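One letter stands for each residue in the lines below.
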Amino acid sequence: ARYVGCFEDSPRRRTLRGVSFFDYKKMTVFRCQDNCAERGYLYAGLEFGAECYCGHKIQAGNVSEAECAMACKGERGTTCGGANRLSLAASLLTLSPPQEFPLSALAGTACRCGFPTRLFTLHEREDEQLCAQRCAGDELESCGTADYFLVYQTQVQGERPSPGSSLHRRADAPRRPGRLLADNRCMDRRFLPARSRRVVALASFPGAGNTWARHLIELATGYYTGSYYFDGSLYNKGFKGERDHWRSGRTICVKTHESGQKEIESFDAAILLIRNPYKALMAEFNRKYGGHIGFAAHAHWQGKEWPEFVRTYAPWWATHTLDWLRFGRNVLVVHFEDLKRDLFAQLQRMVALLGVAAREDRLLCVEGQKDGNFKRSGLRKLEYDPYTPEMRALIGGYIKTVDAALRLRNLSGVPDDYSPR
C-alpha cells in the first residue's frame, strides 16, 4: 500500500465511508490495509490506534503529520492515526473507476459488468457446457454466449473467488431462492442526518436474534441502530450506535429486551421479534456462558445452571410478548423463523415501519451479507436433548398462551415448527 497522509475525521461525517472494524488490543497497519484491500476498497485509514476504516473516496482534508502520532495497539513503533485523525494509505490494487462492479460477465463477443438483481440473482447454475463457446481471441478459453453468461466475481466483492471460479447463467432462466454472491453496496452506514423525535424499539426476548436483526436493518437502511444498554463487544464489532443514549434520536431503531409497561410505553412504535422458545432459551444460555458467538460448556448444561435458567427465563419468554402486545404502540410482529425463510419480504415490512425507503439494490445486497459476524458455527451441538419432559410441559403451555394472544389480535399465530403446540 502507498501512504497518502494524515487526514481529518469525524464520527458524524466519516472521511472513509465503507466498512469499519476495531481491535483495541491487536490492531496493526498491515491488518487494516489487508482487510480493506480484501474487500475491494481503494483506501484504508487508521485512527485512535485501534480503529480501521475503509473507503473508495477521501472526503476530508489533510492535516499535519504530527497529528497522526498515536501508536498502534498491536504493533509498537508504528502509528495508527490519532484522535479524530486518520493515517491513510491507498491500495495498490487496480480498481475500475469511476464505477466499480462486483460482477463481470462474458457473453460471447461482449463483456458486461453489473450487480445482482431480481432478474439476475445468480441463484442457480446452468450446465457448464452451455458456456463452452471459444473466445475469438483465445481458442483455449470459453467466453459464454449471448444467452448463457460466464460470470465472475471481481475484487469489489466482500469475498475473493478462487482463481478461475465462475457461475454459468442463462440470461432468461427462471430463478429459485438461494444464496446471492456478496457485494458491498449495503456496507456503508451512518447516523441519521437529523435527530428523530420518534423512537422505535427493536424488541425481543434475549436469544431471539436481536443482534442479527440489527445487522440486517443497518445494511438495508444504511443507518446505525441503537441500544437500551451498552455492550462494548458489539460496539467493537461495528455497532456504532451502541454508545449513544437510546433517546439520542440519531439511530434508526433501538434494541431492547425490556418488558415492563413503563419501559414499553416510552417507545412510539416497535418491531417485536419472536423466536421459538426452545431455540431462544438455548441461544441465550450459550450467550451468558460463552459470549455472543460462543457456547456454554457441557458442565453448565448438566449442572444446576440450566434447570434454574429455564425455570426463570421460560415465563419471561411469554410475558415479554404479552406485555408488548398489550402496552406497545404500533407494534409490528416478526417471527425469527419467517425472517430466516423469507428475508426479503420480512425485511421490507420492518423497513417500512421504520419509515425509510430502502433501495432495492441495498436489499439485494443484504441477502449476500446476511450472516454478519454474529452467527454461531453450529459445529458444537449438544449430543442430547437438554429439555426434560417437565420443562417441555412448562414451555408448551407458554407457547399456547402466546399463540392465543396473537390470534386474539387477528395476527398469525406462532409458526408451525414451535413444538409442542
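Each remark here, short or long, concerns the structure printed above.
Now for a quick tour of the structure. (Residues numbered from 1 in each chain as written. Predicted model: local features only at pLDDT ≥ 70, side-chain atom pairs only at ≥ 80, totals over all residues. Heavy atoms only, no water.)

### Here's the deal with helix H2 (residues 210-221)
For step 1, the next point in the chain: The end-to-end C-alpha distance of H2 is 16 Å, a good match for the 16 Å that 12 residues give at a rise of 1.5 Å each.
For step 2, the next point in the chain: Counting buried residues in H2 gives 12 out of 12 residues, a clear majority hidden from the surface.
For step 3, the next point in the chain: For H2, every residue scored as buried is listed here: Asn210, Thr211, Trp212, Ala213, Arg214, His215, Leu216, Ile217, Glu218, Leu219, Ala220 and Thr221.
For step 4, the next point in the chain: Gly222, located one to two residues past H2, shows a positive phi value of around 85°. (Helix = DSSP H or I, 4+ residues; strand = E, 2+ residues; numbered from the N terminus. Expected span 1.5 Å × (residues − 1). Buried < 20%, exposed > 50% of the residue type's maximum accessible area, 1.4 Å probe, protein only.)

### Details of empty space enclosed by the protein
For step 1, the next point in the chain: According to the stated counting rule, one finds one cavity of 30 Å³ or more in the structure shown.
For step 2, the next point in the chain: Taken as a whole, the largest cavity spans an internal volume of roughly 50 Å³.
For step 3, the next point in the chain: As for the largest cavity, its lining consists of Ser196, Arg198, Val199, Val200, Trp246, Gly249, Arg250, Thr251, Ile252, Cys253 and Val254.
For step 4, the next point in the chain: For the lining of the largest cavity, the class distribution of residues is six nonpolar, three polar and two charged. (1 Å grid on protein atoms, 1.4 Å probe; cavity = no way out; pocket = protein on both sides within 12 Å on 5 of 7 lines; lining within 4 Å. Points joined across faces, edges and corners; volume = space filled by probe spheres on them. Nonpolar A, V, L, I, M, F, W, Y, C, P; charged D, E, K, R; others polar.)

### Quick word on the packing of helix H9 (residues 343-354) against helix H10 (residues 360-368)
For step 1, the next point in the chain: In the contact formed by H9 and H10, the axes pass within 10 Å of each other and the chain directions differ by 130°. The angle between the axes of H9 and H10 places the two elements in the oblique class. Note that H9 runs across H10; the crossing there is right-handed. Residues Leu343, Phe344, Leu347 and Gln348 of H9 form the contact with H10, whose own contacting residues are Glu360, Leu363, Leu364, Val366 and Glu367. (Axes fitted to C-alpha atoms, helices over the stretch in contact; angles between N-to-C directions. Parallel < 35°, antiparallel > 145°, perpendicular 65-115°, else oblique. Left-handed = near helix turned anticlockwise from the far one by under 90°. Contact = heavy atoms within 4.5 Å.)

### Details of the side chain of Glu337
For step 1, the next point in the chain: Structurally, the position occupied by Glu337 is in helix H8 (residues 336-341).
For step 2, the next point in the chain: No salt bridge forms around the buried Glu337; measuring N to O, its nearest opposite-charge neighbour Arg275 is 4.7 Å away.
For step 3, the next point in the chain: Within polar-contact distance, the side chain of Glu337 engages the backbone nitrogen of Asn276 at 2.9 Å.
For step 4, the next point in the chain: When residues no more than four places from it in sequence are discounted, the contact partners of Glu337 are Ile274, Arg275, Asn276, Pro415, Asp417 and Tyr418. (Lys, Arg positive; Asp, Glu negative; His and termini not counted. Salt bridge = Lys/Arg side-chain N within 4 Å of Asp/Glu carboxyl O. Polar contact = N/O pair within 3.5 Å; in protein donor to acceptor, adjacent residues only side chain to side chain.)

### Describing the environment of Arg17
For step 1, the next point in the chain: By the secondary structure assignment, Arg17 is in the loop between strand S1 (2-8) and strand S2 (20-22).
For step 2, the next point in the chain: Judged by relative accessible area, Arg17 falls into the partly exposed class, the value being 30%.
For step 3, the next point in the chain: Measuring from C-alpha to C-alpha, the distance between Arg17 and Ile58 comes to 8.7 Å, with 41 residues separating the pair along the chain.
For step 4, the next point in the chain: Apart from the residues within four sequence positions on either side, Arg17 is in contact with Cys54, Gly55, Gln59 and Asp188.
For step 5, the next point in the chain: In terms of polar contacts, Arg17 uses its side chain to reach the backbone carbonyl oxygen of Arg14, at 2.8 Å.
For step 6, the next point in the chain: Of note is the side chain of Arg17, whose polar atom sits 3.1 Å from the side chain of Gln59.

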